[in-house]
Amino acid sequence: GENVEQHPSTLSVQEGDSAVIKCTYSDSASNYFPWYKQELGKRPQLIIDIRSNVGEKKDQRIAVTLNKTAKHFSLHITETQPEDSAVYFCAATYTNPGNQFYFGTGTSLTVIP
Amino acid sequence: NAGVMQNPRHLVRRRGQEARLRCSPMKGHSHVYWYRQLPEEGLKFMVYLQKENIIDESGMPKERFSAEFPKEGPSILRIQQVVRGDSAAYFCASSPPLTEETQYFGPGTRLLVL
């Protein structure tokens, strides 16, 4: 099955700086890569996703890049704000209806005001 | 459009009791997934169901755990004879049928076994 690794496990940045979280996956058949943000005690919420036919996707301050050859994808948050503080999870799957998502172990991001 | 709903939000059980967790998917969604999250860990897949069918239960322990998604009503994850190691947050997610769409998560049920 798929194996997703995520780094770093914790990340602290100053407000206004950028944050980068990296994930690698093992199964070359995976073609869908969502990112979830989970605040303490809350549900994971989708913040951005990317499919394997695209190399980069951006949504305001958030962007995701995908390198299929190297089998890694990254989340970039620019101009970080305190409300960006949360745990971020990457995931990978092959999009056949019903396939499970394979999650990374999470990155705890702290934005220091 | 109501999101994925789960209840109860918090559940306390003593060792040996049964825990029953409920999940109502988003309107129009027919795929339900259950994930378990241990403290400070990621989400681990347990089971995927469609109405009246278990499609993939490869992540669910063979003993004490069962899941169903009846024709009417919510999906239920049942844990019999709970042990302390079952203490975790259990999240349900749903997705629409027949499309390559993402999964949307419910608020979770936090199970504490005393």
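Residues numbered from 1 in each chain as written. Chains lettered and ligands numbered in written order. Predicted model: local features only at pLDDT ≥ 70, side-chain atom pairs only at ≥ 80, totals over all residues. Heavy atoms only, no water.

Caption draft 1: Representation of the sheet that holds strand S7 (residues 62-67) of chain A in the model. All names here are of chain A. Pairing is antiparallel across the open sheet formed by five strands, whose spatial order is S1-S3-S8-S7-S6. The sheet is open, and its two edges are formed by strand S1 (4-7) and strand S6 (56-59), each paired on a single side. In this sheet, adjacent strand axes meet at a mean angle of 15 degrees when their direction is disregarded. The sheet contact formed by strand S3 (residues 19-25) and strand S8 (residues 72-77) spans six bridges and is antiparallel. Its bridge partner lying in S8, Lys-22 is registered against Ser-74. (Pairing = 2+ DSSP bridges. Helix = DSSP H or I, 4+ residues; strand = E, 2+ residues; numbered from the N terminus. Axes fitted to C-alpha atoms, helices over the stretch in contact; angles between N-to-C directions.)

Caption draft 2: Structural view of the environment of B:Arg9. Mapped onto the secondary structure, B:Arg9 falls in the loop between strand S1 (5-7) and strand S2 (10-13). By relative accessible area, B:Arg9 is classed as partly exposed at 37%. Between the C-alpha atom of B:Arg9 and that of B:Leu21, which follows or precedes it by 12 residues, the distance is 9.0 Å. Among residues more than four places away in sequence, those in contact with B:Arg9 are A:Gly41, B:Pro107, B:Gly108, B:Thr109 and B:Arg110. Side-chain polar atoms of B:Arg9 contact the backbone oxygen of B:Gly108, separated by 3.5 Å. (Buried < 20%, exposed > 50% of the residue type's maximum accessible area, 1.4 Å probe, protein only. Contact = heavy atoms within 4.5 Å. Polar contact = N/O pair within 3.5 Å; in protein donor to acceptor, adjacent residues only side chain to side chain.)

Caption draft 3: Just the sheet that holds strand S7 (residues 65-68) of chain B, in detail. Residues and elements named next belong to chain B. Strand order in the open sheet formed by four strands is S1-S3-S8-S7, with antiparallel pairing between adjacent strands. Both edges of this open sheet fall to S1 and S7, since each of them pairs with a single strand only. Between one strand and the next, the sheet's axes are offset by a mean angle of 15 degrees, whatever the strand orientation. Across three bridges, the pairing between S1 and strand S3 (residues 19-24) is antiparallel. Counted as the bridge partner of Gln-6 is Cys-23 from S3.

Caption draft 4: Representation of the environment of B:Ala19 in the model. Residue and element names in this part refer to chain B. As for its position among the elements, Ala-19 is in strand S3. A residue is classified by how much of its surface remains accessible, and Ala-19, at 0% relative accessible area, is buried. Sequence separation between Ala-19 and Asn-7 is 12 residues, and the spatial gap between their C-alpha atoms is 11 Å. Ignoring sequence-local partners within four residues, the contact set of Ala-19 consists of Leu-11, Arg-13, Leu-77, Arg-78, Ile-79, Val-82 and Leu-111.

Caption draft 5: Examining the state of the cysteines more closely. Residues and elements named next belong to chain A. In total, this model carries two disulfides over all chains according to the counting rule given. Between the sulfur of Cys-23 and that of Cys-90 lies a disulfide, 1.9 Å long from S to S. An S-S torsion of about -100 degrees defines the bridge between Cys-23 and Cys-90 as left-handed. Of this pair, Cys-23 sits in strand S3 while Cys-90 sits in strand S9 (residues 86-92), placing them 67 residues apart in sequence. (Disulfide = S-S within 2.5 Å.)

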